[in-house]
Amino acid sequence: MTPQNQTPTHNKIDWYTDLVQTEIGTGRIHATKKTSPDGFHLDITVGGNNFQATGTLTTTVDGHTYTPTRQRNLTSTESC
């Protein structure tokens, strides 16, 4: 993860990960967290309520995969 502080209220984060959690003793894979090949990128402006994300960050725990269903940009006219 590479944070870039543009200003005290504007941050950009570039995140690349391919983590695997295994069970001690058996080596069974318990969970993974992976970004898309081009990474997961955040551009956040606090106060302006601007949040933009590109790429995906997928989490799998005990065979259940959690991934975003769609991408969208939130601006000051929307709420989370």
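Residues numbered from 1 in each chain as written. Predicted model: local features only at pLDDT ≥ 70, side-chain atom pairs only at ≥ 80, totals over all residues. Heavy atoms only, no water.

Caption draft 1: View of the overall build of the protein. In terms of helices and strands, the protein carries zero helices and eight strands. Listing every helix and strand of the protein by position from the N terminus yields β-β-β-β-β-β-β-β. The proportion of buried residues among the 80 residues of the protein is 21%. Here the protein displays about 5,800 Å² of accessible surface, and carbon together with sulfur accounts for 55% of that area. (Helix = DSSP H or I, 4+ residues; strand = E, 2+ residues; numbered from the N terminus. Buried < 20%, exposed > 50% of the residue type's maximum accessible area, 1.4 Å probe, protein only. Areas by Shrake-Rupley, 256 points an atom, 1.4 Å probe, with all protein chains shown as cover.)

Caption draft 2: Main features of the confidence of the model for the protein. Per-residue confidence for the protein gives a mean pLDDT of 81, with 80% of residues at or over 70. Of all the helices and strands in the protein, strand 1 (residues 2-7) carries the lowest mean pLDDT, 72, while strand 3 (residues 18-22) carries the highest, 94. Contacts of residues 74-80 to residues separated by more than four positions or lying in other chains number 13 contacts, the stretch itself having pLDDT below 50. (pLDDT = per-residue confidence, 0-100. Contact = heavy atoms within 4.5 Å.)

Caption draft 3: Just the packing of aromatic side chains, in detail. All chains considered together, the criterion is met by one aromatic pair. On the numbers, 6.3 Å between centres and 65° between planes, the contact of tryptophan 15 with phenylalanine 40 is edge-to-face. With tryptophan 15 in strand 2 (residues 10-15) and phenylalanine 40 in strand 5 (residues 40-45), this residue pair connects regions lying 25 residues apart in the sequence. By relative accessible area, phenylalanine 40 is classed as buried at 14%. (Phe/Tyr/Trp six-rings, centres within 6.5 Å; stacked < 30°, edge-to-face > 60°.)

Caption draft 4: The sheet that holds strand 7 (residues 57-61), seen in detail. Strand order across the open sheet formed by four strands is 3-4-7-8, with antiparallel pairing between neighbours. Strands at the two margins of the open sheet, each flanked by one partner only, are strand 3 and strand 8 (64-66). The mean inter-strand angle of the sheet, taken between neighbouring strand axes irrespective of direction, is 10°. The sheet contact formed by strand 4 (residues 29-35) and strand 7 spans five bridges and is antiparallel. (Pairing = 2+ DSSP bridges. Axes fitted to C-alpha atoms, helices over the stretch in contact; angles between N-to-C directions.)

Caption draft 5: Molecular detail of unusual backbone geometry. Of note, the phi angle at aspartate 62 is positive, near 45°, even though the residue is not glycine. Mapping aspartate 62 onto the fold places it in the loop between strand 7 and strand 8.

Caption draft 6: Spotlight on the environment of asparagine 11. Residue placement: asparagine 11 occurs in strand 2. Once residues lying within four places of it in the same chain are set aside, the contact partners of asparagine 11 are Gln4, Asn5, Leu42, Asp43 and Ile44.

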